[in-house]
Amino acid sequence: METAAPTSPPPASEPIICRIAPWYYYRRMGPLAALFLIFGGMFLYDGIWGYPKKVELARKKEQFMKQFLPSFEAAKKEGRLEQWMEDARAKGMPTGVDGDVPRWATYAAQNGWEEDPKLYSDREIAEQFYYAYGCFAGAAVVGIVVLLNRRKMLRAEADHWVTPEGVTIRYADVCRVDKRKWEHQALAYVWHRTEGGREKRAVIDDLKFDGAGRVLDRLMSRFSGELIEKVSETESAESVSPETEK
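A short note on the overall build of the protein chain
Next, step 1: The number of helices and strands found in the protein chain is eight helices and eight strands.
Next, step 2: Long-range pairs, those at least 24 residues apart, make up 60% of the contacts in the protein chain between residues at least 6 apart in sequence.
Next, step 3: Entry remark: accessible area of the protein chain is about 17,000 Å², with carbon and sulfur atoms responsible for 53%.

This is the structure we're talking about:
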């Protein structure tokens with residue numbers, strides 16, 4: 001009986017293509033856009049309904065304190081309190097208990113109103129719309145960024161790699177690699193020399209581009225420059241010689 005030949009790994013010269021990872025859409029950009037929309041909706045609600053409603057209630061309290069209560073005191077002083085109470089009941093206003101002064105707190109509680117509403121200015125109300133428009137603009141920007149990134153990819157060839165921005169970088173031109181954020185944030189920073197002799201930085205993001213770690217592995221297999229990476233505490237302890245400890 002014949003056995004199947006083992007599958008050989010892809011050749012090192014085969015292109016590696018990394019496209020935008022679903023995580024980037026659903027756990028990075030999606031929640032960001034949702035936050036912008038939620039806060040924008042909250043600001044818009046306050047501008048249209050929330051703040052004007054509180055202003056109306058604050059003016060009602062002001063009228064209660066400056067007009068209604070003085071009329072109670074005047075009626076009581078003039079001996080026409082019973083007539084005043086009948087008029088107040090007809091208007092749905094409180095009359096107090098046993099001749100006591102009506103209280104706004106009791107009146108507000110009976111109607112489910114806020115006891116101390118704030119009298120917002122026209123400027124404060126207008127600001128809610130500005131904040132709402134800003135949040136909606138932020139959500140739109142996130143959407144545009146997502147659309148612009150849809151076709152971006154990270155690609156590695158045999159002797160070079162191409163960044164998502166379309167910049168071609170030869171492995172031989174890479175002079176420094178920083179992997180200190182790779183373990184926890186899946187980010188690697190790569191410095192390379194340009195034709196003019198200047199150094200520029202490129203980023204390999206394994207969270208944004210699915211499989212970007214393979215691009216980094218290929219780069220490291222052809223890399224001979226400076227490597228910056230985090231050294232664990234265990235490795236540091238093992239590197240200490242007995243003579244140093246003494």
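That was the structure; now back to the text.
Considerations on the packing of aromatic side chains
Next, step 1: Evaluation of the coordinates by the stated rule reveals 13 aromatic pairs.
Next, step 2: Centre to centre, the rings of phenylalanine 129 and tyrosine 133 are 6.4 Å apart; their planes meet at 40°, and the pair counts as tilted. With phenylalanine 129 and tyrosine 133 both in helix α4 (residues 122–149) and four residues apart, this pair spans about one turn of that helix.
Next, step 3: Chaining the aromatic ring pairs together yields one cluster made of Phe64, Phe68, Phe72, Trp84, Trp104, Tyr107 and Trp113.
Next, step 4: Of note, arginine 176 hangs over the ring of tryptophan 191, and the distance from its end group to the ring centre comes to 4.5 Å.

Thoughts on the pairing of strand β5 (residues 174–178)
Next, step 1: Most of β5 is tucked away: five of the five residues are buried.
Next, step 2: Pairing of β5 with strand β6 (residues 187–193) involves four bridges; the strand directions are antiparallel. Bridge pairing links valine 177 to valine 190 in β6.
Next, step 3: The sheet contact formed by β5 and strand β8 (residues 226–228) spans three bridges and is parallel.

As for the environment of glutamine 110
Next, step 1: Inspection of the secondary structure assignment puts glutamine 110 in helix α3 (residues 104–111).
Next, step 2: With relative accessibility at 60%, the residue glutamine 110 sits in the exposed group.
Next, step 3: Sequence separation of glutamine 110 and proline 94 is 16 residues, and the distance between their C-alpha atoms is 9.7 Å.

Brief notes about the side chain of aspartate 178
Next, step 1: In this structure, aspartate 178 sits in strand β5.
Next, step 2: Of note is the side chain of aspartate 178, whose polar atom sits 2.8 Å from the side chain of arginine 180.
Next, step 3: Excluding residues within four positions of it along the chain, aspartate 178 makes contact with Leu187, Ala188, Tyr189, Trp191 and Ile228.

Considerations on a nonpolar patch on the surface
Next, step 1: Residues Leu35, Ile38, Phe39 and Met42 make up a contiguous nonpolar surface patch of roughly 390 Å² in combined accessible area.
Next, step 2: Mapped onto the secondary structure, isoleucine 38 falls in helix α1 (residues 22–78).

Notes on the sheet that holds β8
Next, step 1: Taken in spatial order, the four strands make up an open sheet running β7-β6-β5-β8, and their pairing is mixed. For this open sheet the edge positions go to β7 (199–205) and β8, each flanked by a neighbour on one side alone. In this sheet, adjacent strand axes meet at a mean angle of 20° when their direction is disregarded.
Next, step 2: Seen against the sheet, helix α6 (residues 212–221) touches β5, β6, β7 and β8 and runs at an angle of roughly 135° to β7.

What to know about the confidence of the model for the protein chain
Next, step 1: Residues of the protein chain with pLDDT of at least 70 account for 88%, and the chain-wide mean is 86.
Next, step 2: A low-confidence stretch, residues 235–246 (pLDDT under 50), is modelled with two contacts involving residues beyond four sequence positions or located in other chains.

Rules used in this analysis
Residues numbered from 1 in each chain as written. Predicted model: local features only at pLDDT ≥ 70, side-chain atom pairs only at ≥ 80, totals over all residues. Heavy atoms only, no water. Helix = DSSP H or I, 4+ residues; strand = E, 2+ residues; numbered from the N terminus. Contact = heavy atoms within 4.5 Å. Areas by Shrake-Rupley, 256 points an atom, 1.4 Å probe, with all protein chains shown as cover. Phe/Tyr/Trp six-rings, centres within 6.5 Å; stacked < 30°, edge-to-face > 60°. Lys NZ or Arg CZ within 6 Å of the ring centre and 35° of its normal. Buried < 20%, exposed > 50% of the residue type's maximum accessible area, 1.4 Å probe, protein only. Pairing = 2+ DSSP bridges. Polar contact = N/O pair within 3.5 Å; in protein donor to acceptor, adjacent residues only side chain to side chain. Patch = residues over 30% accessible without salt bridge, like charges linked within 9 Å, V, L, I, M, F, W, Y side chains within 5 Å. Salt bridge = Lys/Arg side-chain N within 4 Å of Asp/Glu carboxyl O. Axes fitted to C-alpha atoms, helices over the stretch in contact; angles between N-to-C directions. pLDDT = per-residue confidence, 0-100.

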